[in-house]
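Overview (structure and organization)
Below, each chain spelled out in residue letters.
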Amino acid sequence: MSNTTTNDKMTNPADVLKKIVLNKADTVASKIPGYTKLKGISDKVKDAGFSVDIGKDKVGMSTRSGEFVTLRELRDEVGKDAARFFYVMRGADQHMDFDLELAKSQSNDNPVYYVQYAHARVCSVFRQLAERQMNWDEQTGLQNLSLLTEDHEQVLFTMLSRYPEVVELAAITHTPHLLAHFLMDLARDFHTYYNAHQFMTDDINLSQARLTLITAVRQVIANGLGLMGVSAPQSM
């Protein structure tokens, strides 16, 4: 890693937020050292212990005994997104229990659903905004980030500021599971924020600032999922 780290370049969370929002057309991830190295790295994760839970039964993977389930079979059973995310979120040296029922479930216990749902929730906020014939004013939002003083907002600022470092570290160390776990943590913090606060309030400047914050959350989730070859749906 170079002497000038990502943290040295982006010490202010608000500055990170501005970079994410202003570079939304040319994804912020592509400007992070190690981005091209990480992109697609999930296809190169080394083999580790592997078993598949089918209902109450567990099928262990053993090439010696000839008992195994291929990744293609898992993908056909649970879908590409779940197969990729579940595979990537375990370290290369960790035993993996692939729970088929969990991977197919639409619940908060399913990590890929949980992360994708955060992205879809942000999209739903902007659909509601359009239905009310209201607009997100990017410049007004960026100019009023100082209004975001709630604890949940500060947590999101901190999480978003970590994104470039996580991508760089995951690429350098060939540990894409770090990115998967980051996205799970970011989704958790966003869902908590979503459940606790209104984004469209009587205070126009505050509303625009909050919309800017969740726009950054949406962008980072989309970027992160994209690095793993997982989709970021607009509705679920």
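Residues numbered from 1 in each chain as written. Predicted model: local features only at pLDDT ≥ 70, side-chain atom pairs only at ≥ 80, totals over all residues. Heavy atoms only, no water.

**Looking at the pattern of salt bridges**
- Summed over all chains, the structure comprises three salt bridges.
- The salt bridge involving arginine 188 is made with aspartate 189; its shortest N-O contact spans 3.2 Å.
- For aspartate 189, a relative accessible area of 11% translates into the label buried.
- Residues participating in the shared-partner salt-bridge network are Asp185, Arg188 and Asp189. (Salt bridge = Lys/Arg side-chain N within 4 Å of Asp/Glu carboxyl O. Buried < 20%, exposed > 50% of the residue type's maximum accessible area, 1.4 Å probe, protein only.)

**Remarks on the nonpolar core**
- Grouped together as the largest cluster of nonpolar side chains are 54 residues, with contacts concentrated most on Phe85, Leu160, Leu179, Phe182, Leu186, Ile214 and Met228.
- Every element with two or more residues in this core is listed here: helix H2 (13–22), helix H4 (71–78), helix H5 (80–88), helix H6 (100–104), helix H7 (111–131), helix H9 (151–173), helix H10 (177–196) and helix H11 (204–227).
- Broken down by element, this core gets its largest block of residues, 11 residues, from H11. (Core = buried A, V, L, I, M, F, W, Y, C linked by side-chain atoms within 4.5 Å. Helix = DSSP H or I, 4+ residues; strand = E, 2+ residues; numbered from the N terminus.)

**Looking at the packing of aromatic side chains**
- Under the criterion given, the structure shown has six aromatic pairs.
- Between tyrosine 113 and tyrosine 117, the aromatic rings sit 5.7 Å apart at their centres with planes inclined by 20°, giving stacked as the arrangement. Residue tyrosine 113 and its partner tyrosine 117 are located together in helix H7, separated by four residues, close to a single helical turn.
- Residue class for tyrosine 113 comes out buried when judged on its relative accessible area of 15%.
- The partly exposed category is assigned to tyrosine 117, whose relative accessible area is 25%.
- With a centroid separation of 6.0 Å and an interplanar angle of 75°, the aromatic rings of phenylalanine 126 and tryptophan 136 are classed as edge-to-face. Separated by 10 residues along the polypeptide, phenylalanine 126 in helix H7 and tryptophan 136 in the loop between H7 and helix H8 (138–143) bring together distant segments of the chain. Neither residue differs from the other here; phenylalanine 126 and tryptophan 136 are each classed as buried.
- Grouping aromatic residues by their ring pairs yields a cluster made of Phe190, Tyr193, Tyr194 and Phe199.
- Sitting over the face of the ring of phenylalanine 126, arginine 218 holds its NZ or CZ atom 4.8 Å from the ring centroid. (Phe/Tyr/Trp six-rings, centres within 6.5 Å; stacked < 30°, edge-to-face > 60°. Lys NZ or Arg CZ within 6 Å of the ring centre and 35° of its normal.)

**Quick notes on the confidence of the model for the protein**
- Across the protein, the average pLDDT comes to 77, with 68% of residues at or above 70.
- For the protein, the element scoring lowest by mean pLDDT is helix H1 (residues 6–9), at 42; H10 scores highest, at 96.
- Counting contacts from residues 1–11, a segment whose pLDDT is below 50, to residues more than four positions away or on other chains yields 12 contacts. (pLDDT = per-residue confidence, 0-100. Contact = heavy atoms within 4.5 Å.)

**So, the packing of H5 against H7**
- At a closest axis distance of 9 Å, the pairing of H5 and H7 adopts a crossing angle of 110°. As judged from the angle between their axes, H5 and H7 are roughly perpendicular. Here H5 and H7 pass one another in a crossing that is right-handed. Across the interface between the two elements, Asp81, Ala82, Phe85 and Phe86 from H5 touch Pro111, Val112, Val115 and Gln116 from H7. (Axes fitted to C-alpha atoms, helices over the stretch in contact; angles between N-to-C directions. Parallel < 35°, antiparallel > 145°, perpendicular 65-115°, else oblique. Left-handed = near helix turned anticlockwise from the far one by under 90°.)

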